Amino acid sequence: MSLDKMANSVSRQTVVNPKGYLTSLSNTKIASAAEVGDVNKARLLLKSVRDTNPKHGPAWIAAARVEEAAGKTAHARKLIMEGCEICPDNEDVWLEAARLHPQDQSKTILAAAARRMPTSVKVYLRAADLESHDFAKKAVLRKALEANPNSVTLWKAAIDLEDADDAKILLSVAVEKVPHSVEMWLALARLETYENARKVLNQARKHLPTERAVWIAAAKLEESQNHGDMVDRIVDKAVRSLDKHDAVVMRAQWLKEAEVAESAGAPLTSAAIVKCTVGRGVDDEDRQRTWADDANAASSRNAVATARAILAHSLAAFPTKRSLWLQAVDLERKHGSASSLDEVLEAASERLPRTEIFWLVRAKEKWVAGEVDKSRSILTEAFKANPDSEPVWLAAVKLEWETGEIERARVLLTRARERAPTARIYMKSALLERECRQFDKALELLEEGLQKYPAFSKMYMMGGQICSEDLTKDRINLDRARKFYQGGLQNGQNSVILWCLASQLEERVAEYGAGSANAGVTKARSLLELARLKNAKNSELWLGAIRLERRAGNEKLAVSLMARALQECPSSGLLLAENISTSPRVEQKSKSADAIKRRPDDPRVITAVAALFAGERKHEKARKWFERAVKLDSDLGDSWVKWYAFELDVGKKEAQEDVKQRCVAAEPTHGELWCKVSKAMPNRRKSTAEHLEAAAQNRLESMQKLN
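Every chain's residues receive numbers from 1 upward, in the order its sequence appears when written. Only residues with pLDDT of at least 70 are given local features in this predicted model, and only at 80 or more are side-chain atom pairs given and counted; all residues enter the totals for whole chains, interfaces and linings. Here the side-chain values reflect all heavy atoms present in the structure, with hydrogen atoms and water set aside.

## A closer look at the overall build of the protein chain
Each helix corresponds to a stretch of at least 4 residues labelled H or I by DSSP, and each strand to a stretch of at least 2 residues labelled E; elements are numbered beginning at the N terminus. On a plain count of helices and strands, the protein chain comes out with 40 helices and 0 strands. Atoms considered for the radius of gyration are the C-alpha atoms alone. The globule rule reads 2.2 Å times the number of residues to the power 0.38. On C-alpha atoms alone, the protein chain measures out to a radius of gyration of 41 Å, which is more than a quarter above the 27 Å that the 2.2 N^0.38 rule sets for 707 residues. Buried residues are those whose accessible area, probed at 1.4 Å on protein chains only, stays under 20% of the maximum for their type, while exposed residues exceed 50% and partly exposed ones sit between those limits. The buried share of the protein chain, reckoned over its 707 residues, is 43%. Contact criterion: two residues are considered in contact whenever any of their non-hydrogen atoms come within 4.5 Å of each other. Partitioning the intrachain contacts of the protein chain with sequence separation of at least 6 by distance along the chain shows that 52% fall at a separation of at least 24. As presented, the protein chain carries roughly 38,200 Å² of accessible surface, and 51% of it is formed by carbon and sulfur atoms. When charges are tallied, Lys and Arg are placed among the positive residues and Asp and Glu among the negative ones, while His and the ends of the chain are skipped. In plain terms, the charge of a residue is placed at NZ if it is Lys, CZ if Arg, CG if Asp and CD if Glu. In the protein chain, the 112 positive side-chain charges and the 100 negative ones have mean positions that sit 4 Å from each other. Surface exposure here means Shrake-Rupley accessible area, sampled with a 1.4 Å probe, where a residue is shielded only by the protein chains that are shown.

## Regarding the packing of aromatic side chains
Note on aromatic contacts: the rings of Phe and Tyr and the six-membered ring of Trp form a pair at centre separations within 6.5 Å, being stacked when their planes are under 30 degrees apart, edge-to-face when over 60 apart, and tilted otherwise. Enumeration over the complete set of coordinates arrives at 7 aromatic pairs. The interplanar angle of 50 degrees and the centroid separation of 6.0 Å between the aromatic rings of F613 and W625 together place this pair among those described as tilted. Here W625 lies in helix 36 (residues 619-632) and F613 lies in helix 35 (residues 603-615), a separation of 12 residues in the sequence. Both residues of the pair, F613 and W625, belong to the buried class. Through pairs of rings, three or more aromatic residues link up here, namely F626, W640, W643 and F646. Each ring is checked for a lysine NZ or an arginine CZ that lies within 6 Å of its centre and within 35 degrees of its normal; such an atom marks a charge sitting over the ring. If you follow R532 out to its NZ or CZ, it ends over the ring of W542, 4.3 Å from the centre.

## Brief notes about empty space enclosed by the protein
Residues are said to line a cavity or pocket when one of their atoms sits within 4 Å of a point; the points come from a 1 Å grid over protein atoms alone, cavities being sets where a 1.4 Å probe fits but cannot get out and pockets being open sets with protein on both sides within 12 Å along at least five of seven lines. Grid points are joined across faces, edges and corners, and a volume is the space filled by probe spheres set on the points. Inspection of every chain in the model, using the stated rule, returns 1 cavity of 30 Å³ or more. Here the largest cavity defines a volume of roughly 30 Å³. Contributing to the lining of the largest cavity are V239, L242, D243, A247, V249, W254 and R280. Per element, the largest residue contribution to the lining of the largest cavity is 3 residues, and it comes from helix 14 (residues 228-244). The classification used treats Ala, Val, Leu, Ile, Met, Phe, Trp, Tyr, Cys and Pro as nonpolar, Asp, Glu, Lys and Arg as charged, and all other residues, Gly among them, as polar. A per-class count over the lining of the largest cavity returns 5 nonpolar, no polar and 2 charged.

## Points about the side chain of R362
Considering the arrangement of structural elements, one finds R362 in helix 21 (residues 356-368). Not counting chain neighbours up to four residues away, the residues in contact with R362 comprise D342, L345, E346, K374 and I378.

## Quick look at unusual backbone geometry
If you check the backbone angles, N302 has positive phi at about 65 degrees while not being a glycine. With respect to the helices, strands and loops of the structure, N302 is situated in the loop between helix 17 (287-300) and helix 18 (304-317).

## Focus: the confidence of the model for the protein chain
On average, residues of the protein chain carry a pLDDT of 86, and 94% of them reach 70 or more. Least confident of the elements in the protein chain is helix 1 (residues 18-27), whose mean pLDDT is 42; most confident is helix 36, at 93. By definition, pLDDT measures how confident the predictor is in each residue, and it falls between 0 and 100. Here residues 1-31 scores under 50 on pLDDT; set against residues more than four positions off or in separate chains, the count is 16 contacts.

## Overview of the environment of V173
For V173, the location among the structural elements is in helix 10 (residues 164-177). Sequence separation between V173 and P149 is 24 residues, and the spatial gap between their C-alpha atoms is 9.7 Å.

## Section: a positive patch on the surface
Exposure above 30% relative accessible area and the absence of a salt bridge qualify a residue for a patch, where like charges join within 9 Å and nonpolar side chains (Val, Leu, Ile, Met, Phe, Trp, Tyr) within 5 Å. Just to be clear on terms, a salt bridge is a Lys or Arg side-chain nitrogen sitting within 4 Å of an Asp or Glu carboxyl oxygen. A contiguous patch of positive charge on the surface is contributed by K589, K621, K624 and R628. At 3 residues, the largest contribution of residues to the positive patch is made by helix 36. In this structure K621 comes out as partly exposed when scored by relative accessible area, which is 45%.

## As for the nonpolar core
Throughout this description, the term nonpolar core refers to a set of buried Ala, Val, Leu, Ile, Met, Phe, Trp, Tyr and Cys residues connected via side-chain atoms within 4.5 Å. Of all hydrophobic cores here, the largest spans 103 residues; its most connected members are I466 and L575. Setting aside chain neighbours within four positions, we find L575 in contact with S539, W542, L543, I546, M562, A565, L566 and C569. Residues L208, V214, V231 and A247 belong to the second largest nonpolar core, which totals 93 residues.

## So, the pattern of salt bridges
This model, assessed by the stated rule, comprises 50 salt bridges. For R116, the salt bridge identified is with D89, shortest N-O distance 2.9 Å. Here the residue R116 occupies a position in helix 6 (residues 103-116), and D89 occupies one in the loop between helix 4 (73-86) and helix 5 (91-100), the gap between them amounting to 27 residues. Looking at D89, the relative accessible area reads 54%, which means it is exposed. Where salt bridges share partners, they join D342, E346, R362, K366 and E371 into one cluster.

## Examining the state of the cysteines
Cysteine sulfur atoms are paired as a disulfide whenever they fall within 2.5 Å. Throughout the structure, instances matching the rule amount to 0 disulfides. C87 supplies the cysteine sulfur nearest to C84, a cysteine that is in no disulfide, at a spacing of 8.5 Å. A relative accessible area of 3% means that C84 is categorised as buried. Counting only cysteine sulfurs, C436 is the nearest neighbor of C467, a cysteine outside any disulfide, at a range of 18 Å.

## Concerning the packing of helix 15 (residues 251-263) against helix 16 (residues 267-277)
Here an axis means a line fitted to C-alpha atoms, over the contact stretch when the element is a helix, while the angle between two N-to-C directions is reported on a 0 to 180 degree scale. Here helix 15 crosses helix 16 at 165 degrees, and the two axes come no closer than 8 Å. Between helix 15 and helix 16, the crossing angle belongs to the class labelled roughly antiparallel. The crossing of helix 15 and helix 16 is left-handed. Residues R251, W254, L255, E257, A258, A261 and E262 of helix 15 lie in contact with helix 16, whose contacting residues are T269, S270, I273, V274 and T277. Put simply, angles under 35 degrees are roughly parallel, angles over 145 are roughly antiparallel, angles from 65 to 115 are roughly perpendicular, and the rest are oblique. Crossing handedness is defined as follows: a turn of the near helix away from the far one that is anticlockwise and smaller than a right angle gives a left-handed crossing, while the clockwise case is right-handed.

## Examining the environment of S375
Residue placement: S375 occurs in helix 22 (residues 372-385). Judged by relative accessible area, S375 falls into the buried class, the value being 1%. Between the C-alpha atom of S375 and that of W359, which follows or precedes it by 16 residues, the distance is 9.5 Å. Each residue touching S375, except ones within four places of it in the same chain, is listed here: A363, K366, W367 and L399. Separated by 2.9 Å, the side chain of S375 and the backbone oxygen of A363 make a polar contact. Under this definition, polar contacts are N or O atom pairs within 3.5 Å; protein pairs additionally need one hydrogen-donor-capable and one acceptor-capable atom, and for neighbouring residues in sequence, both atoms have to be side-chain atoms.

See the structure below:
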């Protein structure tokens, strides 16, 4: 081929753009010798197949496609038309011929195919696709239906092209021609009025007695008209009718239908299906476990109404099973409304009046909603059912305490000490007086409580803290605090917190005018050594000793103690995290790697690594590790505090608010930094968000001092 051959024969001027022609040549694929050889082999092989069995349609199709792939489109068309002549009853050959030819020729080919094979649905559908106007498509499909009145596929294609009124007419004909098609019956019912839809579905049931979809559609229809009583009757009748006609529908299939009905906006139909079928094929001894698993599975797929119906059926069969009621409460708390949760809690309290948890949760929900009087009445009912219950007494006290009714709370605690005395009742009584700054009354209650419950370590702790922190710092109160701590250690030498508090008190004796700071450190050190002898392999005691030496300026001794501590407690996340944060900067990476290797899932270690990245200004890495820490343990407040402090320092307002909201949702209760703020007496009434703000500010201030 050359440009000269494309010149105009009259003027001898070229009729193509030389540059464009050269560009097209550069885009032309030049087959390699190997590819040419492969094509030739394929041609020979397929020619052999055609010669051996000329009526074999796939051989003609394959041969045409080989030529098409080789760029010989004209030869491919010639081959496939030859195939149409030799295999006139093979619809695939005709369809391939239509594909290879231009649209106008394709229409002619498909018309010939339709004349030859009037029952070929594929040919008619392809012919309809080639038409560009709806009226032409409709004409093709109507002609197809004349030849194939029993083809569901053709009816669907024809109906899809019509508007609602014409579709209804076509469907009424279609259900007569193809009465076995459930889709046609259901589609017609959807387009009809309520009364006509009922008639259509009744006819469908006669033609399809084993098809459950028709019955379910009838139930949904009644539900759409708010005929709730009819829904249960229809589903019950459906199950019995299908059993009568030996239609095998597995229990799992019914539950799937219930979830589908729920997703279609028919929760009553879903509940009716569950009610009638959830017990099918389940042994009596397996019912509770199976139904609980079914409810969990449905809930995990967000099929809340189905899960609710399964639990309702389970509770009807097992009304006194605490685990089922708890599962129902959890479902309503996550997916239900306040009223639905209250209904479940009320029912649970009636069925299990001696189980305090349902009374307490219901009272708390009402209190949180601002209905204090309603919460009081619920707790009054709880008292009647559980007159000696410590949790109920304390819940009532907390309600009055938190709403500012201190005198009511004090009276309740007095009654509780008389009628249902426990160590916690005495401790809460003392705590109330401490908050009201009635320290002498608080100490009197603690001493009275300790006479009855001498092994309750928290009362010793509170007594020591009142004497050492709330009262005047003098020798008398120092001795009183020592007496509390010593009494606690005599009655329980395993209380690590008591040992630490006693040590911290001795460390600060200089503040009480009872000796030098060095003498205090020496006494504190000896107390911690004694504590470690009596409580071996305790990481908190080791940490207390290490921090004592750091506060005293004995850095080398602190490092030595850390080494000994990690030998005795090699997998302590508490010690590993402290080791990362207190090591020299050049050693922190290696310490981090070692800690992660030892405790890869410890939130304290992960938080320490996140703080290390934050210090190195690797902000995205820090966020990733903080995220990992709070996922491992959302109850550890220190992880939230350090993350929020980091966002306050370098993050945007949106990131800060996101961390705060997630922390409030998690409601953490543990952690050194967290408890230092949340358990301080001035902060007892503050919210989780306020605790987080205060703890994060403390964290930022301590970091600024270090820098």
